[in-house]
Amino acid sequence: VDPNHPTCTVTAGLDEKEVKLVKQLAPSIDVYCVNTYGDIAGVRQNIQAYGWNGPYMITEWGPNGHWEVAKTKWNTPVEQSSCEKASSYEERYKNEILADKSHCIGSYVFLWGQKQETTSTWYGVFSKSGLRSEAVDVLHEFWNPTTLKNRAPQIQNPTLEGLAKGDFIILNPGNKYTASAQVWDVDGDKLKAKWMIVPESTDIKSGGDAEAEPVPVPRCVRKQGVESLEFFAPDVEGAYRLFYEVTDGNKHYAYFNIPFYVMPSSNAVSDGRFVSFKKQQFNP
């Protein structure tokens, strides 16, 4: 119909049967487009083997998806920190997108903004107020090298009661606990931190549909600093996340969250709710 503009189609992930179906039923398609996250390495490796020899684009990519990561014992996904995500953005852009100069003609990072999807930080490279995460710094360096004047804060080793995110962290209602992380800024900017206790989201949708953001639990934070926190566990049993956000005063931020579960000690030992419960990890 219009020979002057290329046509494309997008598939979620790369599947050999889909590639062959597109070639068979839509032979006028010029560019094959793939939306992919943790499986991005498979695109460059497999797309020609599956029969597509023309140009392709990675039309949606980013951190590990919430369906691709480790889960807690209560089945909530464990999110990468902003620094861990930045490392994966760098590796994926360099080794999967730029590396295929003969066939990959470009990509779109998801999401150039912010949204609630599983958590408030999972997919956006900006905060709700427009602050830039380290992922933006990484992409800036690829797209416009040597012009970056200020960088996002750095975070290492976040822990809750000495346990890392993804560990089996059970807290007792109303008890006092501590959290910590190593935090610094390569530019020497003055840092300001915010800690929050947030219930695990229950409004989980599919396909990127809009989700309601859970409201932080009030009056839990007792004493907070840039690298440490004292807080009281919520009174209501259930799944929560400890959210941490640090800003540098120069439109950057960094973050992490640690999932935990609030359960009375008597229930934790007696009701068998978590099959792999380890007594030595329990905080009475």
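Our subject is the structure listed above.
Undergrad: Got a minute to help me understand the side chain of histidine 103 in this structure?
TA: By secondary structure assignment, the location of histidine 103 is in the loop between helix 3 (82-97) and strand 4 (104-109). There is a polar contact of 3.2 Å between the side chain of histidine 103 and the backbone oxygen of asparagine 53. Residues contacting histidine 103, with those up to four places away along its chain left out, are Gln48, Asn53, Gly54, Pro55 and Tyr56.

Undergrad: Honestly, unusual backbone geometry in this entry has me stumped. Any pointers?
TA: For residues other than glycine, phi is negative in most cases, and the peptide bonds are mostly trans. Cis geometry is adopted by the peptide bond preceding leucine 111, which originates at phenylalanine 110 and carries an omega value of 0°. Relative to the elements of secondary structure, leucine 111 occurs in the loop between strand 4 and helix 4 (134-143). Phi at threonine 118 takes a positive value of approximately 75°, unusual for a residue other than glycine. With respect to the secondary-structure elements, threonine 118 resides in the loop between strand 4 and helix 4. Phi is positive for glutamate 161, close to 55°, though the residue is something other than glycine.

Undergrad: Is there a simple way to explain the pairing of strand 4 in this structure?
TA: Note on strand geometry: in a regular strand, side chains alternate between the two faces of the sheet. Summarising the sheet, strand 3 (residues 56-61) and strand 4 pair through three bridges and their orientation is parallel. Across the sheet, residue tryptophan 61 finds its bridge partner in strand 4, namely valine 109. In the classification by handedness, the crossover that spans strand 3, the intervening helix 3 and the parallel strand 4 is right-handed.

Undergrad: Quick question: what am I supposed to make of the layout of surface pockets here?
TA: Remark: the empty space left among the atoms is shown by a probe the size of a water molecule rolled over them. Volume-wise, the largest pocket comes out at about 430 Å³. Residue lining of the largest pocket: 26 residues in total, with Ser120, Thr121, Met196, Glu213 and Glu245 positioned closest to the centre. The set of elements that each furnish at least two residues to the lining of the largest pocket consists of strand 9 (192-199), strand 12 (238-247) and strand 13 (253-262). Residues that form the lining of the largest pocket fall into these classes: eleven nonpolar, nine polar and six charged. The space that makes up the second largest pocket amounts to roughly 180 Å³. Residue lining of the second largest pocket: 14 residues in total, with Gly13, Asn35, Thr36, Tyr37 and Asp39 positioned closest to the centre. Residues of the lining of the second largest pocket, tallied by class, amount to six nonpolar, five polar and three charged.

Undergrad: When you look at the packing of aromatic side chains in this model, what are you seeing that I'm missing?
TA: Geometrically, a pair of aromatic rings is defined through the distance of the ring centres and the angle of the planes. All chains considered together, the criterion is met by 21 aromatic pairs. Taken together, a centroid distance of 6.5 Å and an interplanar angle of 90° make the contact between tyrosine 37 and phenylalanine 110 edge-to-face. Residue tyrosine 37 is found in the loop between strand 2 (31-35) and helix 2 (41-46), and its partner phenylalanine 110 is found in the loop between strand 4 and helix 4; the two are separated by 73 residues along the sequence. For phenylalanine 110, a relative accessible area of 18% translates into the label buried.

The rules behind these values
- Residues numbered from 1 in each chain as written.
- Predicted model: local features only at pLDDT ≥ 70, side-chain atom pairs only at ≥ 80, totals over all residues.
- Heavy atoms only, no water.
- Helix = DSSP H or I, 4+ residues; strand = E, 2+ residues; numbered from the N terminus.
- Polar contact = N/O pair within 3.5 Å; in protein donor to acceptor, adjacent residues only side chain to side chain.
- Contact = heavy atoms within 4.5 Å.
- Pairing = 2+ DSSP bridges.
- Right-handed = clockwise from strand over helix to strand, strands pointing away.
- 1 Å grid on protein atoms, 1.4 Å probe; cavity = no way out; pocket = protein on both sides within 12 Å on 5 of 7 lines; lining within 4 Å.
- Points joined across faces, edges and corners; volume = space filled by probe spheres on them.
- Nonpolar A, V, L, I, M, F, W, Y, C, P; charged D, E, K, R; others polar.
- Phe/Tyr/Trp six-rings, centres within 6.5 Å; stacked < 30°, edge-to-face > 60°.
- Buried < 20%, exposed > 50% of the residue type's maximum accessible area, 1.4 Å probe, protein only.

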